[in-house]
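Structural characterization, general
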Amino acid sequence: MNTKYVFVTGGVASSLGKGIIAASLAKLLQARGLRVTIQKFDPYINIDPGTLNPYEHGECYVTEDGAETDLDLGHYERFLGVHTSKANNVTTGKIYNTVITKEREGAYLGKTVQIVPHITDEIKRRMLLLGRTGDYDIILTEIGGTVGDMESQPFIEAVRQLQWELPDEDCMSIHLTLIPYLRAARELKTKPTQHSVQMLQQSGVKPDVIVCRTEQPLTPELRRKIALFCNVKPGHVIQSIDAWSIYQVPLNMHEEHLDELAVRKLQIENFTQPELGKWKEFLERLKNPKHEVTIGLVGKYVELQDAYKSIQEALVHAGAANECKVNVKTIHSEQVSEANVAEMLAGMDGILVAPGFGERGIPGKIAAVRHARENGIPFFGICLGMQMAVVEFARDMLGYADAASTEMQPATTHPVIDLMEEQKTTTIKGGTMRLGAYACKLVPGTLAARIYGQPDVKERHRHRYEFNDAYRTAFEEAGMVISGTNPDTGLVEIVEIPSHPFFIGTQFHPEFKSTPEQPQPIFAAFVKAAIDTHLQKK
Ligand code: GLN
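Counting restarts for each chain, with residues numbered from 1 along the sequence as it is written. Local features are withheld for residues below a pLDDT of 70 in this predicted model, meaning they are given only at 70 or higher, and side-chain atom pairs are given and counted only at 80 or more; totals for whole chains, interfaces and linings count all residues. As a convention, hydrogens and water are excluded, and side-chain values are obtained from all of the structure's heavy atoms.

**A closer look at the overall build of the protein chain**
Think of it this way: any DSSP run of H or I at least four residues long counts as a helix, any run of E at least two long counts as a strand, and we number them from the N terminus. When you go through the protein chain residue by residue, the secondary structure sums to 18 helices and 23 strands. For the radius of gyration, the atoms used are the C-alpha atoms, and the globule rule reads 2.2 Å times the number of residues raised to 0.38. On C-alpha atoms alone, the protein chain measures out to a radius of gyration of 25 Å, which is about the 24 Å that the 2.2 N^0.38 rule sets for 538 residues. Principal axes of the C-alpha set define a box for the protein chain whose edges measure 75 × 65 × 45 Å. Burial here depends on accessible area, computed with a 1.4 Å probe over protein chains only, as a share of the maximum for the residue type. Under 20% is buried, over 50% is exposed, and the range in between is partly exposed. Taking all 538 residues of the protein chain together, 58% fall into the buried category. For the protein chain, the exposed area adds up to about 22500 Å²; of that, 51% sits on carbon and sulfur atoms. When charges are tallied, Lys and Arg are placed among the positive residues and Asp and Glu among the negative ones, while His and the ends of the chain are skipped. Positions of charges follow a simple convention, taking NZ of Lys, CZ of Arg, CG of Asp or CD of Glu. In the protein chain, 57 positive and 67 negative side-chain charges are present, and the distance between their average locations comes to 5 Å. Working definition of accessibility: Shrake-Rupley area with a 1.4 Å probe, residue cover restricted to the visible protein chains.

**Things to note about the sheet that holds strand β12 (residues 291-299)**
One open sheet accounts for nine strands, arranged β13-β12-β14-β15-β23-β22-β21-β18-β19; its pairing is mixed. Each end of this open sheet is capped by a strand with a single partner; those strands are β13 (324-332) and β19 (456-463). Between one strand axis and the next, the sheet turns through 25° on average, direction left out of account. Each pair of strands is called paired provided DSSP finds at least two bridges between the two strands. In terms of strand pairing, strand β14 (residues 350-353) meets strand β15 (residues 379-382) through three bridges, oriented parallel. Counted as the bridge partner of Ile351 is Phe379 from β15. Residue contacts follow a heavy-atom distance rule, with two residues in contact if any of their heavy atoms lie within 4.5 Å. Interaxial angle, 0 to 180 degrees, is taken between N-to-C directions of lines fitted to C-alpha atoms, where a helix line uses only the stretch in contact. Relative to the sheet, helix α14 (residues 362-374) contacts β12, β14, β15 and β23 (503-506), its axis offset from that of β14 by approximately 150°. Strands β14, β15, β22 (492-496) and β23 of the sheet are contacted by helix α15 (residues 384-396), whose axis makes an angle of about 115° with β15.

**Considerations on the packing of helix α1 (residues 18-31) against helix α3 (residues 72-80)**
Relative orientation of the contacting elements α1 and α3 amounts to 25°, with a least axis distance of 9 Å. Taken together, the axes of α1 and α3 lie roughly parallel to each other. Where α1 crosses over α3, the two elements pack in a sense that is right-handed. Taken together, the residues of α3 that come into contact with α1 (itself represented by Gly19, Ile20, Ala23, Ser24, Ala26, Lys27 and Gln30) are Asp72, His75, Tyr76, Phe79 and Leu80. Basically, the charged four are Asp, Glu, Lys and Arg, the nonpolar ten are Ala, Val, Leu, Ile, Met, Phe, Trp, Tyr, Cys and Pro, and anything else, Gly included, counts as polar. Among the residues forming the contact of α1 with α3, the class breakdown is six nonpolar, four polar and two charged. For classification purposes, an angle smaller than 35 degrees is called roughly parallel, one larger than 145 roughly antiparallel, one from 65 to 115 roughly perpendicular, and anything else oblique. Each crossing gets its handedness from the near helix: less than a right angle anticlockwise from the far helix is left-handed, clockwise is right-handed.

**Examining helix α10 (residues 258-265)**
Within α10, burial applies to Leu258, Asp259, Leu261, Ala262 and Val263. Of the surrounding secondary structure, the elements contacted by the buried residues of α10 are α1, β7 (171-178), β10 (209-214), β11 (237-241) and α9 (249-255).

**Structural notes on the environment of Thr330**
Relative to the helices and strands, Thr330 is located in strand β13. Its relative accessible area of 34% is what places Thr330 among the partly exposed residues. With 27 residues separating them along the chain, Thr330 and Glu303 place their C-alpha atoms 8.5 Å apart. Residues within four places of Thr330 in sequence aside, it is in contact with Leu297, Val302 and Gln312.

**Looking at a nonpolar patch on the surface**
Together, Tyr96, Ile100, Ile115 and Val116 make up a nonpolar patch on the protein surface, roughly 340 Å² of accessible area in all. Broken down by secondary-structure element, the contributors of at least two residues to the nonpolar patch are α4 (92-104) and α5 (115-132). You can see Val116 is positioned in helix α5. Distance thresholds for patches are 9 Å for like charges and 5 Å for nonpolar side chains (Val, Leu, Ile, Met, Phe, Trp, Tyr), applied to residues having over 30% relative accessible area and no salt bridge. In the sections that follow, a salt bridge refers to a side-chain nitrogen of Lys or Arg positioned within 4 Å of a carboxyl oxygen of Asp or Glu.

**Description of the site of the ligand**
Around the ligand, the surrounding shell consists of Pro355, Gly356, Phe357, Cys383, Leu384, Gln387, Glu407, Arg462, His463, Arg464, Tyr465 and His509. Take Glu407: an N or O atom from its side chain is 2.7 Å from a nitrogen atom of the ligand. Distance and chemistry together define a polar contact, namely a pair of N or O atoms within 3.5 Å, with one atom able to donate a hydrogen and the other to accept it when in protein, and with adjacent residues in sequence counting only for side-chain atoms on both sides. Between the ligand and Arg464 there is a distance of 3.0 Å, counted from an oxygen atom to a backbone nitrogen or oxygen. Protein coverage of the free-state accessible area of the ligand, which is 300 Å², stands at 99%. For the shell around the ligand, the secondary-structure elements that each account for two or more residues are α15 and β19. Grouping the amino acids of the shell around the ligand by side-chain chemistry returns five nonpolar, four polar and three charged. In these notes, residues near a molecule or strand are those with any non-hydrogen atom within 4 Å of it.

**Regarding the environment of Leu228**
By the element assignment, Leu228 lies in helix α8 (residues 220-230). For Leu228 and Gln194, which are 34 residues apart along the polypeptide, the C-alpha to C-alpha distance reads 9.7 Å.

**Topic: the sheet that holds β7**
Spatially, β5-β2-β6-β1-β7-β10-β11 is the arrangement adopted by the seven strands of the open sheet, whose pairing is parallel. Among the strands making up the open sheet, the edge pair consists of β5 (89-91) and β11. The sheet shows a mean angle of 20° between the axes of neighbouring strands, taken without regard to direction. As defined by bridge partners, strand β2 (residues 36-42) adjoins β5 across three bridges and the pair is classed as parallel. By the bridge assignment for β5, Lys40 is matched with Asn89. Most of the contacts of helix α6 (residues 153-165) go to strand β1 (residues 4-10), to which it runs at about 145°, and overall it touches β1, β2, β6 (138-143) and β7. Relative to the sheet, helix α7 (residues 191-202) contacts β1, β7 and β10, its axis offset from that of β7 by approximately 145°.

**Details of the side chain of Thr214**
Looking at the element boundaries, Thr214 is found in strand β10. The class of Thr214 is buried, set by a relative accessible area of 2%. In contact with Thr214, other than residues within four places in its own chain, are Ile179, Leu188, Gln239, Ser240, Ile241 and Asp242.

**Focus: the side chain of Ser405**
Inspection of the secondary structure assignment puts Ser405 in strand β16 (residues 404-405). Discounting chain neighbours no more than four positions away, the residues touching Ser405 are Met388, Val391, Ile417 and Tyr465.

**A closer look at the pattern of salt bridges**
Under the counting rule described, the total for this entry stands at 36 salt bridges. Between Arg32 and Asp259 there is a salt bridge, and its shortest N-O distance comes to 3.0 Å. Of the two residues, Arg32 sits in the loop between α1 and β2 while Asp259 sits in helix α10, which places them 227 residues apart along the sequence. Assessed through its relative accessible area of 6%, Arg32 is described here as buried. Of the charged contacts, one joins Asp70 and Lys40 as a salt bridge, the two residues approaching to 3.2 Å between their closest N and O atoms.

**Here we look at the packing of aromatic side chains**
Any two rings among Phe, Tyr and Trp, with Trp reduced to its six-membered ring, count as a pair given centres within 6.5 Å; such a pair is stacked if its planes are under 30 degrees apart, edge-to-face if over 60, and tilted if neither. On inspection of all chains with the given rule, the structure shows 15 aromatic pairs. Taken together, a centroid distance of 6.3 Å and an interplanar angle of 45° make the contact between Tyr301 and Tyr308 tilted. When the ring of Phe380 is compared with that of Phe526, the centres are 5.5 Å apart and the planes differ by 70°; the resulting orientation is edge-to-face. Linking Phe380 in strand β15 with Phe526 in helix α18 (residues 521-537), this pair joins segments that are 146 residues apart in sequence.

Encoded structure:
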């Protein structure tokens, strides 16, 4: 069988959940026994989202091979349970970078370099790249942005050309739109969808299926109307109604026959019905919790839901694993102080101090660590959260009053967190952190070793600073244990305090590897500890 390509475009508005729809279809096809991956093409000019403030674009998701990518790749991995890579996220910046580099090398032999064909050819080359590995039966490609945006035009043109070049049965196009409900008129409105599809068709791309985001069910008449005016068969207009959980969406899409439409269009033979047993079990546990806890998530980007996407999702997975509803209370680190920390964190069954960069909100994070440490509240620090746990311990337990990370206080006399050697000469910001998966060796008998149940793990990183090894003995003598290190470099990856009921900090980001079907062990143990704390309070 040839590799098949499914393109997903969006119209009417952004934030409709194109990534979730793409991931849901991919999940259903995978559950039918096909080898599937998803890639995202983003029309912005940044080479990758690594240099973007989370307020701009939400979390930056890190892949196993160290690519800083769009947060939709997190959804892809969580739904499919397979790793994505550098090749799965392409931006306009990357496309132009390649073309301009080639131009400087003289590769175009005196030709005028143009959007068509040079930029579009490079887009097409990248769209087909993963298909050429032979590892996949189906490649879904999500095009970021909405149809009609000036910057997404070359991507839509590339889809048009591929629709023309590939055999009909190897290519499918799905368009996701919004059907707004006008409360005053008590009516669902199809006009924006009609316009969006018209615009797509003016670019020469014909959708095979239209997925309609809606708050209210679409009547058969409405589906017919959309089908007629958008030039697709009536059965090819499907609804994506607001779901109680994003993980319910694959089942909803199956009910709407989205996967069946795909296997028919792509002429996939001998397909089976999707096998979703484990997925459904997860949903059952999610829906029927026996416990309930509240976790305080202390960070500085809390105004934006998407800024800590993978952490939020990992807590959902960990909750289901423990049959527990996890309420996440986001707490702005800038608003926390030593004076108000008890009040701000009152009622929390666990405290998670989030990753981050820069000075803003640091005193609040340190106050939150101290509150958790002194009151025996389950604590989990991730990356900057771990670093601040180290700083707090140094100040209070080692008596180094000015202990700090040199990221915030370059002149500190106790740089307990310091720049990694190779970072000292780095001046370029993009793509130069310690990125991607690194091995971590666990010390037998520690909390970390018990949690993972194995001596060697691999987790993903994204940071420049690290635990300063010069202070290792001082910390260990005062009761903070280094329970995980990198076997090649000796870098400290996990710290914990054994005298505390549950206190752990990781230099890596375990949230990136958590999935519904395989919850991340530290998150699961953290929620379990929060349940114990909650029960004790009663
Ligand atoms: N700012 C810290 C560093 O660069 C932590 C980064 C993070 O939390 N991802 O080391």
